[in-house]
Amino acid sequence: MIRRRSLLAAAGAGAAALTLPARSASAAPSASAAPARSIDLPRPTLDRPVGTVALHLVDRARQDPFAPTPGPRELMVQLWYPALDRGEYARAPYTTPRVAAAFETMLQLDAGTLAAVRPTARAGAPAAPGALPLLVLGHGRKGGRSNCTALAEELAAHGYLVASVDHTYDAAAVEFPDGRLVRSVLADDPADWGATEHKEIAARVGDLRFVATVLTERGELPRRPGLPYADGGRIGVLGHSMGGAAAAEAVRQDDRFVAGLDLDGGLFGSPVPELGLDRPFLLLTSLADHDTWQRWRDHQRGWARQLRFLGAGHLSFTDLPHAAVPGGLPQHLPAEAYAALFGTLAPDRATELTRGYTRAYFDHFLRHRPARLLDSPSPRFPEVEFRWSRG
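Since the structure is predicted, the reported quantities are computational estimates derived from the model, not experimental observations.

Chemist: With reference to specific residues and values, describe the environment of Thr120.
Modeler: Within the fold, Thr120 resides in the loop between strand S4 (117-118) and strand S5 (122-123). C-alpha of Thr120 to C-alpha of Glu153: the two residues are 33 residues apart in sequence and 7.3 Å apart in space. Beyond its immediate stretch of four places on either side in the chain, Thr120 contacts Leu41, Pro42, Arg43, Pro44, Arg91 and Glu153.

Rendered as structure tokens:
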């Protein structure tokens, strides 16, 4: 049986974290198994150009706790932002070919699946002028910075700068501009995760805080024409699975994060369940409850909600449901594992729910806009169950 703890701490990529059986040689992916047509992610609900660019950032003030040899912490960060126009800029790839291959092997997707995924954003399109509210986004364990692209593009179209972080040595694979491919060093067996949870969360929180600093305070952002500009007074943090746990701890540690959001992550690796948070925190879940959420509710001091998406699976909050069927996952995974990961919500509907509640939440706390969607159940979204509210 798939354990609840395993699901909630699972990677943004997910399947490997459930210790699934390996595929037989006869079922191994091949080029001929690639999807015959493109997999278009849902377009943003606002028809506004979105740009994206990848940044290589080095935190020389921190030693990487996972690197095999001592050295500063290196990160790849993907920015999404409202662009001036689409111009002649090409649609951005979902990820690099080498990272895609690593994900496909881990997830048991047919080869070529992720190459067929087509985001909306235009690579390198110049940013619209003006300071933007900043959202720093973290992936799940053994996930990657592209896992929530459809959500990031929606937020960017509505006026946010979204910075999605590849947590090096935690992400399934990170490719740097010099060609290095750094794979995850985390244990494959969920039974071994507890020993490294605090170390993992500490590294992730350091990453989130560093990225927020680079984009707002230090002036270390590479000076390239057309890059977006972040408003240091309006910063939020969010993440899927283990990324949600890191978002909670980032809010606890750093007053710059005005509000935090957790997409179906158990609150592992930090004292948040015992101390609560003094600022807004939204928890969107696929399960009815979890012991870390119960303890957090008992100690939460700031505004908070726990909303459950009925019919959701652990990966319903990411892009992966859109690739699951074209990539052959129903044939490659045990039925129980597939149901736990993807639930019964249609991919487009899952994306619509995640986008709608995420945007309403950050619009309210970073832009001071009304958020009736967060006040009570909505007939527009009967799948959303209000499990708990404060404030």
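Chemist: Got a sec to walk through the pairing of strand S2 (residues 50-63)? Specific residues and values, please.
Modeler: If a strand is regular, its side chains alternate between the two faces of the sheet. Here S2 runs beside strand S3 (residues 72-82); their pairing, made up of 11 bridges, is antiparallel. Paired with Val50 across the two strands is Pro82, which belongs to S3. Relative to S5, S2 runs parallel, the two being bridged by two bridges. The residue of S5 that forms the bridge with Thr52 is Ala123.

Chemist: Account for the sheet that holds strand S12 (residues 281-285), with residues named and values stated.
Modeler: Spatial strand order, S5-S2-S3-S7-S6-S10-S11-S12-S13-S14: 10 strands in an open sheet with mixed pairing. The open sheet has two edge strands, S5 and strand S14 (384-390), and neither has a second partner. Pairing of strand S13 (residues 304-309) with S14, which is carried by six bridges, proceeds in the antiparallel orientation. Across the sheet, the residue bridging to Arg308 is Glu385, located in S14. Helix H11 (residues 347-367) contacts strand S6 (131-138), strand S10 (229-240), strand S11 (257-263), S12, S13 and S14 of the sheet and is inclined by roughly 165 degrees relative to S11.

Chemist: Requested: an account of the confidence of the model for the protein chain, with residues and values cited.
Modeler: Per-residue confidence for the protein chain gives a mean pLDDT of 91; residues scoring 70 or more make up 88%. For the protein chain, helix H1 (residues 4-8) is the element with the lowest average pLDDT, namely 50, and helix H3 (residues 149-157) is the one with the highest, namely 99. Below pLDDT 50 for its whole length, residues 1-5 participates in 15 contacts with residues either more than four positions away or in separate chains.

Chemist: Go over helix H2 (residues 97-107), please, and point to the residues and values.
Modeler: Along H2, the residues classified as buried are Val99, Ala100, Ala102, Phe103, Glu104, Met106 and Leu107. Of the surrounding secondary structure, the elements contacted by the buried residues of H2 are strand S8 (173-175), strand S9 (181-183), helix H8 (320-324) and helix H9 (329-332). The first or second residue beyond H2 is Gln108, which carries a positive phi of 65 degrees.

Chemist: Describe the pattern of salt bridges, and please don't skip the residues or the numbers.
Modeler: Inspection of every chain in the model, using the stated rule, returns 31 salt bridges. Overlapping salt bridges bring together Glu154, Arg355, Arg359, Asp363, Arg367 and Arg369 as one network.

Chemist: Let's hear about unusual backbone geometry: which residues, and what values?
Modeler: Positioned with a positive phi, Ser241 is a non-glycine residue whose angle comes to about 55 degrees. The topology assignment puts Ser241 in the loop between S10 and helix H5 (242-253). Look at His368: it is not a glycine, yet its phi comes out positive at around 60 degrees. Within the secondary structure, His368 sits in the loop between H11 and S14. Exposure remark for His368: the relative accessible area of 69% places this residue in the exposed category.

Chemist: Now, about the packing of helix H4 (residues 197-216) against H5: what can you tell me, with residues and values included?
Modeler: Running from N to C, H4 and H5 cross one another at 65 degrees; their axes reach a closest spacing of 9 Å. In this view, H4 runs roughly perpendicular relative to H5, as classed from their interaxial angle. Note on packing geometry: the crossing formed by H4 with H5 is right-handed. From H4, Glu197, Glu200, Ile201, Arg204, Val205, Leu208 and Arg209 reach across to H5, where they touch Met242, Gly243, Ala245, Ala246, Ala247, Glu249, Ala250 and Gln253. In terms of residue class, the contact of H4 with H5 is built from eight nonpolar, two polar and five charged.

Chemist: Hey, could you go over the environment of Asp264 for me, with residue numbers and the actual values?
Modeler: For Asp264, the position within the fold is in the loop between S11 and helix H6 (272-275). Here Asp264 falls in the buried class, since its relative accessible area comes to 1%. Through-space distance from the C-alpha of Asp264 to that of Gly140 is 9.8 Å; in sequence the pair is 124 residues apart. Among the polar contacts made by the side chain of Asp264, one reaches the main-chain amide nitrogen of Ser286 at a distance of 2.8 Å.

Chemist: Describe the packing of aromatic side chains, with residues and values.
Modeler: One pass over the structure, following the stated rule, counts 10 aromatic pairs. When the centroid spacing of 4.8 Å and the interplanar angle of 40 degrees are considered together, the rings of Tyr338 and Phe342 count as tilted. In this pair, Tyr338 and Phe342 are both assigned in helix H10 (residues 335-342), four residues apart and thus about one turn of the helix distant. Taking relative accessible area as the criterion, Phe342 reaches 5% and is therefore assigned buried. An aromatic cluster is defined as three or more aromatic residues linked by ring pairs; in this entry it consists of Trp303, Tyr361, Phe362 and Phe365. Of note, Arg180 hangs over the ring of Phe176, and the distance from its end group to the ring centre comes to 4.6 Å.

Chemist: Before we move on, could you go through the packing of H3 against H11 and cite the residues and values that matter?
Modeler: Direction vectors running N to C along H3 and H11 enclose 45 degrees, while the axes themselves pass 10 Å from each other. With respect to H11, the element H3 is oriented oblique. Handedness of the H3/H11 crossing: right-handed. Of H11, the residues touching H3 (which contributes Ala150, Leu151, Glu154 and Leu155) are Thr351, Thr354, Arg355, Thr358 and Arg359. In the contact of H3 with H11, the residues fall into three nonpolar, three polar and three charged.

Parameters at a glance
Residues numbered from 1 in each chain as written. Predicted model: local features only at pLDDT ≥ 70, side-chain atom pairs only at ≥ 80, totals over all residues. Heavy atoms only, no water. Helix = DSSP H or I, 4+ residues; strand = E, 2+ residues; numbered from the N terminus. Contact = heavy atoms within 4.5 Å. Pairing = 2+ DSSP bridges. Axes fitted to C-alpha atoms, helices over the stretch in contact; angles between N-to-C directions. pLDDT = per-residue confidence, 0-100. Buried < 20%, exposed > 50% of the residue type's maximum accessible area, 1.4 Å probe, protein only. Salt bridge = Lys/Arg side-chain N within 4 Å of Asp/Glu carboxyl O. Parallel < 35°, antiparallel > 145°, perpendicular 65-115°, else oblique. Left-handed = near helix turned anticlockwise from the far one by under 90°. Nonpolar A, V, L, I, M, F, W, Y, C, P; charged D, E, K, R; others polar. Polar contact = N/O pair within 3.5 Å; in protein donor to acceptor, adjacent residues only side chain to side chain. Phe/Tyr/Trp six-rings, centres within 6.5 Å; stacked < 30°, edge-to-face > 60°. Lys NZ or Arg CZ within 6 Å of the ring centre and 35° of its normal.

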